[in-house]
Amino acid sequence: MSRTEAPPLPEPLRVPVADSHTHLDMQDTTVEEALARAAAVNVTTVVQVGCDVAGSRWAAETAAAHPAVHASVALHPNEAPRIVHGDPEGTARQGAREPGGKAALDDALAEIDALAALDQVRGVGETGLDFFRTGPEGIAAQEESFRAHIEIAKRHGKALVIHDRDAHADVLRVLADAGAPERTVFHCYSGDAEMAAICARAGYFMSFAGNMTFKNAQPLRDALAVAPTELVLVETDAPFLTPAPYRGRPNAPYLIPVTLRAMAEVKGLDEDTLAAAIYDNTARAFDF
């Protein structure tokens, strides 16, 4: 079986569900094909997430053109240091970049602010902190960008979509300090059960991806077990984090049923009940 081959379509869900976080612009199909395959298994709605200015513009345009798509716009946490300090190695899709300093970050944030005002844009994110790829010199730019996104989300009444990698305590600190928006989503939830209890008390949504099916992901399953059902979402983060048994092959919104069924088992719920709850939660989180 080729690692590049798309996994087969799973058995359709009986109840419609939403993919709360996907990157259609990074997948090897047209938007129309991706949406048709998703609809065939009853994944009827997707949230398309931007990670930089160009990707956020694309997300807004795609959501305007397709009723099944809602957009979320942002500078990814790793994008902020690239803008400020440059990216001589060309690690992102734009290739090598010169340092732009604070002025360039302000300009990029102004673009995100303008996009966040659009009706088809339902979220501001993915934003947050990522200490996995960013060294100490980039952390200040990340936090400045994160705080700006929190303000943008609050100003426009949009959901805040959080990317939190190896930065749990600092993400929670900034949210508490800046004041989280009314609707806050931890995308690809990566904390433990203790953190899930903190998020639940704060009313934060927790979105689980295909990595909760991985053999070594017991802490994620423990977190899902204690997360209140009314705060749980499901996502692909496609083309990344393809659920087992297809780990390592390309992910897409049509694989949501695989993850949802694994989640239902952890929660001790039947899949219809969980799918209905998740659809309602996603509609509440993103106000669609």
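Here we summarise the structure given alongside this text. Owing to the predicted nature of the structure, the values given are computational and were not obtained by experimental measurement.

**Some thoughts on the overall build of the protein chain**
Alright, step 1. Along the protein chain, the regular secondary structure elements total 10 helices and 8 strands.
Alright, step 2. A globule of 288 residues ought to have a C-alpha radius of gyration of about 19 Å, and the protein chain, at 18 Å, matches this closely.
Alright, step 3. Along the first, second and third principal axes, the C-alpha atoms of the protein chain reach 50 × 40 × 35 Å.
Alright, step 4. Going through the 288 residues of the protein chain one by one, you find that 55% of them count as buried.

**Description of the pattern of salt bridges**
Alright, step 1. Evaluation of the coordinates by the stated rule reveals 17 salt bridges.
Alright, step 2. Salt-bridge contacts for Lys102 lead to Glu144; the nearest nitrogen and oxygen are separated by 2.9 Å. On the criterion of sequence distance, the pair formed by Lys102 in helix α4 (residues 101-116) and Glu144 in helix α5 (residues 136-156) is long-range, its members being 42 residues apart.
Alright, step 3. Residues joined by salt bridges that share partners form a network here, namely Glu143, Arg147, Asp170, Arg173 and Asp177.

**Overview of the packing of helix α8 (residues 218-226) against helix α9 (residues 256-267)**
When two helices pack together, you describe them by how their axes are tilted relative to each other and by the distance separating the axes.
Alright, step 1. Where α8 contacts α9, the axes come no closer than 9 Å and their chain directions differ by 65°. Relative to α9, α8 is oriented roughly perpendicular. Remark: the crossing between α8 and α9 carries right-handed chirality. Here α8 contributes Arg221, Leu224 and Ala225 to the contact with α9, which in turn contributes Met263, Val266 and Lys267.
Alright, step 2. The residue makeup of the contact of α8 with α9, split by class, is 4 nonpolar, no polar and 2 charged.

**A look at the sheet that holds strand β8 (residues 232-234)**
Alright, step 1. Within the open sheet, the 8 strands sit side by side as β1-β2-β3-β4-β5-β6-β7-β8. Their pairing is parallel. Bordering the open sheet on either side are β1 (17-22) and β8, each of which pairs with just one other strand. Recorded for the sheet is a direction-independent mean angle of 30° between the axes of neighbouring strands.
Alright, step 2. Most of the contacts of α5 go to strand β4 (residues 121-130), to which it runs at about 160°, and overall it touches β4 and β5 (159-165).
Alright, step 3. Strands in contact with α9 are β1, β2 (43-49), β7 (205-208) and β8; relative to β8, the strand with the most contacts, it is inclined by about 150°.

**As for α4**
Alright, step 1. With 16 residues, α4 should reach 22 Å at 1.5 Å per residue; the first-to-last C-alpha distance of 23 Å fits that figure.
Alright, step 2. At its buried positions, α4 is contacted by α2 (53-65), β3 (69-73), α3 (79-85), β4 and α5.

**So, helix α6 (residues 168-178)**
Alright, step 1. Those residues of α6 not exposed but buried are Val171, Leu172, Val174 and Leu175. Buried residues along α6 cover an arc of 160° about the axis, so they all sit on one side. In α6, the exposed positions that point more than 90 degrees away from the buried face belong to Ala169, Ala176 and Asp177.
Alright, step 2. Buried residues belonging to α6 abut β4, α5, β5, β6 (184-186) and α7 (193-202).
Alright, step 3. Of the residues one or two after α6, Gly179 is the one with positive phi, at around 85°.

**What about the environment of Tyr246?**
Alright, step 1. By secondary structure assignment, the location of Tyr246 is in the loop between β8 and α9.
Alright, step 2. With 12 residues separating them along the chain, Tyr246 and Val258 place their C-alpha atoms 9.7 Å apart.

**Considering the environment of Pro12**
Alright, step 1. Residue placement: Pro12 occurs in the segment before β1.
Alright, step 2. When its relative accessible area of 37% is taken as the criterion, Pro12 is described as partly exposed.

**With respect to the packing of α4 against α5**
Alright, step 1. Where α4 meets α5, the axes come as close as 10 Å, and the angle between the chain directions of the two elements is 25°. Relative to α5, the element α4 is oriented roughly parallel. Relative to α5, the crossing made by α4 is right-handed. Where α4 abuts α5, its residues Lys102, Leu105, Asp106, Leu109, Ile112, Asp113 and Ala116 lie against Ala141, Glu144, Ser145, Ala148, His149, Ile152, Arg155 and His156.

**Details of the state of the cysteines**
Alright, step 1. On inspection of all chains with the given rule, the structure shows 0 disulfides.
Alright, step 2. As a non-bridged cysteine, Cys51 has Cys188 as the owner of its nearest cysteine sulfur, 12 Å distant.
Alright, step 3. Accessibility expressed as a relative area gives 12% for Cys51, which makes it buried.

**Examining the packing of aromatic side chains**
Alright, step 1. One pass over the full model with this rule turns up 3 aromatic pairs.
Alright, step 2. Seen from their ring centres, Tyr279 and Phe288 are 6.1 Å apart, and the 80° between their planes marks the pair as edge-to-face.
Alright, step 3. What makes Phe288 partly exposed here is its relative accessible area of 30%.
Alright, step 4. Positioned above the aromatic ring of Phe214, the side-chain terminus of Arg247 is 3.7 Å from the ring centre.

**Here's the deal with the nonpolar core**
Alright, step 1. One finds Val17, Phe146, Leu175, Phe186, Tyr189 and Met263 to be the most contacted residues of the largest nonpolar core, which totals 72 residues.
Alright, step 2. For this core, the element with the most residues is α4, which contributes 6 residues.
Alright, step 3. Discounting chain neighbours no more than four positions away, the residues touching Tyr189 are Met195, Ala196, Cys199, Met206, Ser207, Phe208, Leu220 and Ala223.
Alright, step 4. Within the second largest apolar cluster, 10 residues are counted, among which are Val47, Val49, Leu233 and Ala285.

Scoring rules and cut-offs
Residues numbered from 1 in each chain as written. Predicted model: local features only at pLDDT ≥ 70, side-chain atom pairs only at ≥ 80, totals over all residues. Heavy atoms only, no water. Helix = DSSP H or I, 4+ residues; strand = E, 2+ residues; numbered from the N terminus. Rg over C-alpha atoms; globule rule 2.2 N^0.38 Å. Buried < 20%, exposed > 50% of the residue type's maximum accessible area, 1.4 Å probe, protein only. Salt bridge = Lys/Arg side-chain N within 4 Å of Asp/Glu carboxyl O. Axes fitted to C-alpha atoms, helices over the stretch in contact; angles between N-to-C directions. Parallel < 35°, antiparallel > 145°, perpendicular 65-115°, else oblique. Left-handed = near helix turned anticlockwise from the far one by under 90°. Contact = heavy atoms within 4.5 Å. Nonpolar A, V, L, I, M, F, W, Y, C, P; charged D, E, K, R; others polar. Pairing = 2+ DSSP bridges. Expected span 1.5 Å × (residues − 1). Arc of directions from axis to C-beta. Disulfide = S-S within 2.5 Å. Phe/Tyr/Trp six-rings, centres within 6.5 Å; stacked < 30°, edge-to-face > 60°. Lys NZ or Arg CZ within 6 Å of the ring centre and 35° of its normal. Core = buried A, V, L, I, M, F, W, Y, C linked by side-chain atoms within 4.5 Å.

Read these as spatial facts, not as claims about activity.
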